[in-house]
Each structure stands twice: as C-alpha cells, then as structure tokens.
Amino acid sequence: MSQVANRFKVHMKEMQSREEALNAEGIKVFRLSTTERQEFKECRRKWDFSSYSRQALEPDRPALALWFGTGVHYVLEQFYMDEQLNYGTPEASVFSITDCWNEWVDLEIAKVEKSQKGLWPEQIQELRDSVALGEKMLLGYINWAAKEDHHGGVPFKQILFTEEEFAVPLKSEDGEYYRFEDAKGQKWELWLVGRIDLIIQDTDNRIWVLDHKTSKDKLDRELLTLDDQMTMYIWAIQQILEVQIAGCLYNVLRKKVPSIPRVLKAGGLSKDKSIDTTYDVYLSAIYENDLDPADYTEILNHLSEKNSQFYERVAVKRNQHEIAMGGRMVLMEGIDMLNAPFIYPNPTWDCGWKCDFKQLCLATNRNDDVDYLKKTLYRTRVPEEKSVYARESTVE
C-alpha cells in the first residue's frame, strides 16, 4: 500500500510543479471536472452560470438534495479514514457516526443561516427532517457495511485512499500533452480533475474505484455500464498508479429508513412479508414489545435472506478499450468548451428539480434584471485553497 500511496503523492507534486512551469511560459491550465462535463452536455446556459471557468455562480442556499449528499459523503469519508487507520489492528475504533454527522450539520446550518440572514420555520423543519433521516441512514449503513466490506461480492483487503483529489493532463493520440490556443491567442493545457470517494484493494488484489451515492430508488444496473463519470475516474487513476483498475463500485444509500412492523390489535406484530424493513429492525421491534423471536421465525428468515433494499453495492467492470475511449472523449469535450461555444438553454422536464438557475434562465428569456437576481440570490463559487478545481476564469 505504501508504494501505491507514494506514487499518488509523487504524481500530485509533479502536477503542482508542472502548473508552475506552464504559468512561467504563459500557458494556462483548463481543468475539466465531472460536473463541468455533465453540465456542458446537459445545458450550456447552466454550465455558463455555474462553471469555475465561466461565471462561477451558486445559489445562496444550496439545494437540499445536494446539501444532504455532501453531508453523507463527509461522514463516510471520516468513517473510512478511521477504518483505514485501524485496518488489521486490534484497537477498537472510538469513531461515532452520530457525533460526526451532528457536528457537520451544526456547522453547515450556521453557514446557511448566515448566508440567508435567518431561516423561515418551514425551512428549519425541512432541514430537521433531513438531518434525522441522514443520521438513521448512516447508522444503518455502518451495520450493513460491517458485513459487506469484508464478506460481500467484492470483499475489501485494504483501503488505499479516501476522498483523494486528482489531476491528470490529457494527451493527444500521438501521446503528447495536448495544447489548445483559443481565439484570443491564449494557450491552454487540458487536465482532468476530480475527487475519488474511495479506492480499495480486494482480497484478490484487484483495485477498485468506489463512489458513494444517495438515491430515493435503486440504481439501474444497465445504465451504470454507460456511466462515463466512473469511466473517467478509472482512466485517471490508471494514469497515476500505472496499474489496471478492475472496475468501479457504486455504493448506494437509499434515502429512506426501514419501516417498523405494525402492532396488531389482537397482539403481536404483523408478519406481512411485503414490509419495507430489515432483519435487525424487525428483531428490535420483537424485543421492544416483549415478544418471543421463535414466534416470528418465518418472517425473520425471509428478511435475513432478502437482499438489502436500503443499501447496495454494485460492481461494474470496464475493459481497457472503454477506458481509453473515455480519455479521448473527455479531450474532445474540453476542446469544445474552449473553442468559444455558443451558449443556449436546453429546457427539459428535469429543470424543475435539477437546476439551481431556473430564475436566472427565465429572467434571461424575458430580458428581466438578471444582474439584480445574481446579486440577491446567488454568490460566487470559491473552490478550497489549493484545490484541484481552482482556476482562472476564461471569461473576461
């Protein structure tokens, strides 16, 4: 592991030095992230509003779904960092999911209140509901992962990296670093940048890239084979570690908690097998109601044999042709972005829930006061200092 970890650190130091050398030559770095690529292909107007390389706007109040997912990612990062430190050692971890989640929530709610100068009662209730759901989801995940990480379809041998940022320069077909000169004569070098949730080595010594997902529903396994985000992550990590990656693991946490079995008027618990719950929750309900588990053997056996409806880990492999093609595709996308693209909207039925810029988009269409909306409802996106996402804007 130390050799692999050292290779990653050396690579990132080399990239820092490379950028300094490019700046000295007057060459800028254009960083392509997953969000950047997705938004450019979904809607160029949305991309123009949000991209670090364009107007770099974000709403004063982040979308609750995004806020929620960020918090879950943070807690899982801390959990697996703790696991990494204690892997293969007899020491008992003192890590607390509840404490970690509540600390993050307190800090983030304070930020939201400050940015909005207070919250309305319904907003506070909405946040409280999501906080309660998140804690229950995370506590259930830890119990599930205790088995899945070590005895699941891809059992972990060791955790190599948690929440690691990467930056990889793109190359042309002849293997040279790709340089692009825009219409103003500015030269650019294109890099793919991102953040990996987890990289693990399994018991067969294969290396996998893992991505955490929160979702209301189970993921469509067929569509996952077409997911180019993970293809590009695999491509990038192969460039850095100089080893083949087996594939990607989608680690899914469902945005729902198991149902508690209904207490019957005649006494006892409902044995309806269609209940959306887990073995552990049902067994706890038996004990809480002072009942005998022997009377519920059939439903308990059913639940123990049933695949989890609340947590899922899906393994998807990529062959080397898919991975290499992904590298070529992202290069073409970067060239399109730098080549003075026309900016226009792409309205779909998803705009209502998926886009943070609906009001700006409507105002642009109506020739309303767009600048006023920007000042009152949005703020400038600022990446963390020294983040791989930081870059100068291409828009003057």
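Throughout what follows, the structure given in this document is the object of discussion. Keep in mind it's a predicted model, so treat the numbers as computed, not measured.

Some words on the overall build of the chain
Inference 1: Scanning the chain from terminus to terminus reveals 14 helices and 9 strands.
Inference 2: Summarising its shape, the C-alpha atoms of the chain cover approximately 80 × 55 × 35 Å along the three principal directions.
Inference 3: In the chain, buried positions account for 44% of the 396 residues.
Inference 4: Expressed as a percentage of contacts within the chain between residues at least 6 apart in sequence, the contacts between residues at least 24 apart total 76%.

A word on the layout of surface pockets
Inference 1: If you add up the space inside the second largest pocket, you get close to 850 Å³.
Inference 2: If you go around the second largest pocket, you meet 26 residues; those closest to its centre are Gly140, Thr278, Tyr279, Asp280 and Val281.
Inference 3: For the lining of the second largest pocket, the elements supplying multiple residues, two or more each, are α6 (121-151), α9 (279-288) and α10 (297-305).
Inference 4: Take the lining of the second largest pocket: its biggest share by element is 7 residues, from α6.
Inference 5: Residue composition of the lining of the second largest pocket, by class: 11 nonpolar, 9 polar and 6 charged.

Description of the pattern of salt bridges
Inference 1: For the coordinates displayed, the defined rule picks out 19 salt bridges.
Inference 2: The shortest N-O distance in the salt bridge between Asp149 and Arg313 comes to 2.8 Å. Residue Asp149 is located in helix α6, and its partner Arg313 is located in strand β8 (residues 311-317); the two are separated by 164 residues in the primary sequence.
Inference 3: On the basis of relative accessible area, Asp149 is assigned to the buried category, the value being 2%.
Inference 4: Of the charged contacts, one joins Lys273 and Glu298 as a salt bridge, the two residues approaching to 2.9 Å between their closest N and O atoms. Taken together, the residues span a long stretch of sequence, with Lys273 in the loop between β7 (247-254) and α9 and Glu298 in helix α10 at a distance of 25 residues.
Inference 5: In the salt-bridge network here, residues are joined through shared partners; they are Arg37, Lys41, Asp228 and Glu333.

A look at unusual backbone geometry
Inference 1: At Asn205, a residue that is not glycine, the phi angle is positive and equals roughly 65°.
Inference 2: On the secondary structure map, Asn205 appears in the loop between β5 (187-202) and β6 (207-215).
Inference 3: Overall, the relative accessible area of 44% leaves Asn205 in the partly exposed class.
Inference 4: One non-glycine residue, Ala340, lies in positive phi territory at about 45°.
Inference 5: The exposed category is assigned to Ala340, whose relative accessible area is 60%.

Digging into the pairing of β8
Inference 1: With respect to burial, β8 is a largely interior element, 5 of its 7 residues being buried.
Inference 2: Two elements, β7 and β8, share 7 bridges in a ladder whose sense is antiparallel. Within the sheet, the bridge partner assigned to Gly247 lies in β8 and is Lys317.

With respect to empty space enclosed by the protein
Inference 1: Tallied over the entire structure, the rule returns 2 cavities of 30 Å³ or more.
Inference 2: In this structure, the largest cavity occupies an estimated 50 Å³ of space.
Inference 3: If you trace the largest cavity, you find it lined by Ser215, Asp217, Lys218, Val252, Leu253, Arg254, Gln309, Phe310, Tyr311 and Glu312.
Inference 4: By residue number, the principal contributor to the lining of the largest cavity is β7, which donates 3 residues.

Here's the deal with the packing of aromatic side chains
Inference 1: Within this structure, the stated rule accounts for 13 aromatic pairs.
Inference 2: On the numbers, 5.6 Å between centres and 80° between planes, the contact of Phe166 with Tyr233 is edge-to-face. Taken as a pair, Phe166 in strand β3 (residues 156-169) and Tyr233 in helix α8 (residues 228-241) lie far apart in primary sequence, 67 residues in all.
Inference 3: Of the residues examined, Tyr233 reaches a relative accessible area of 7% and is grouped as buried.
Inference 4: Taken together, Phe49, Phe357 and Tyr378 form an aromatic cluster joined through their ring pairs.
Inference 5: Directly above the ring of Tyr177 sits Arg18, whose terminal nitrogen or CZ lies 3.7 Å from the centroid.
Inference 6: Cation over ring: Lys271 sits above Tyr296, and NZ or CZ is 4.9 Å from the ring centre.

A look at the packing of α9 against α10
Inference 1: Two numbers describe how α9 lies on α10: the axes approach to 9 Å, and their chain directions differ by 155°. With respect to their mutual orientation, α9 and α10 come out roughly antiparallel. The residues of α10 that touch α9, namely those facing Tyr279, Tyr282, Leu283 and Ile286, are Ile299, Leu300, Leu303 and Ser304.
Inference 2: For the contact of α9 with α10, the class distribution of residues is 7 nonpolar, 1 polar and no charged.

Observations regarding the nonpolar core
Inference 1: Counting 42 residues, the largest nonpolar core has Phe166, Leu190, Leu192 and Ile237 as its most contacted members.
Inference 2: The element contributing the most residues to this core is α8, with 9 residues.
Inference 3: Discounting chain neighbours no more than four positions away, the residues touching Leu190 are Phe30, Leu32, Val168, Pro169, Leu170, Tyr178, Phe180, Leu331, Gly334, Ile335 and Leu338.
Inference 4: Grouped together as the second largest cluster of nonpolar side chains are 33 residues, Phe68, Trp101, Val131 and Ile159 included.

Topic: α10
Inference 1: Three or more residues of α10 are buried, namely Ile299, Leu300 and Leu303. Considered in projection along α10, the buried side chains sweep an arc of 100° and stay on one side of the axis. Along α10, exposed side chains directed more than 90 degrees from the buried face belong to Glu298 and Glu305.
Inference 2: In this structure, the buried side of α10 is in contact with α9.

Definitions and cut-offs
- Residues numbered from 1 in each chain as written.
- Predicted model: local features only at pLDDT ≥ 70, side-chain atom pairs only at ≥ 80, totals over all residues.
- Heavy atoms only, no water.
- Helix = DSSP H or I, 4+ residues; strand = E, 2+ residues; numbered from the N terminus.
- Buried < 20%, exposed > 50% of the residue type's maximum accessible area, 1.4 Å probe, protein only.
- Contact = heavy atoms within 4.5 Å.
- 1 Å grid on protein atoms, 1.4 Å probe; cavity = no way out; pocket = protein on both sides within 12 Å on 5 of 7 lines; lining within 4 Å.
- Points joined across faces, edges and corners; volume = space filled by probe spheres on them.
- Nonpolar A, V, L, I, M, F, W, Y, C, P; charged D, E, K, R; others polar.
- Salt bridge = Lys/Arg side-chain N within 4 Å of Asp/Glu carboxyl O.
- Pairing = 2+ DSSP bridges.
- Phe/Tyr/Trp six-rings, centres within 6.5 Å; stacked < 30°, edge-to-face > 60°.
- Lys NZ or Arg CZ within 6 Å of the ring centre and 35° of its normal.
- Axes fitted to C-alpha atoms, helices over the stretch in contact; angles between N-to-C directions.
- Parallel < 35°, antiparallel > 145°, perpendicular 65-115°, else oblique.
- Core = buried A, V, L, I, M, F, W, Y, C linked by side-chain atoms within 4.5 Å.
- Arc of directions from axis to C-beta.

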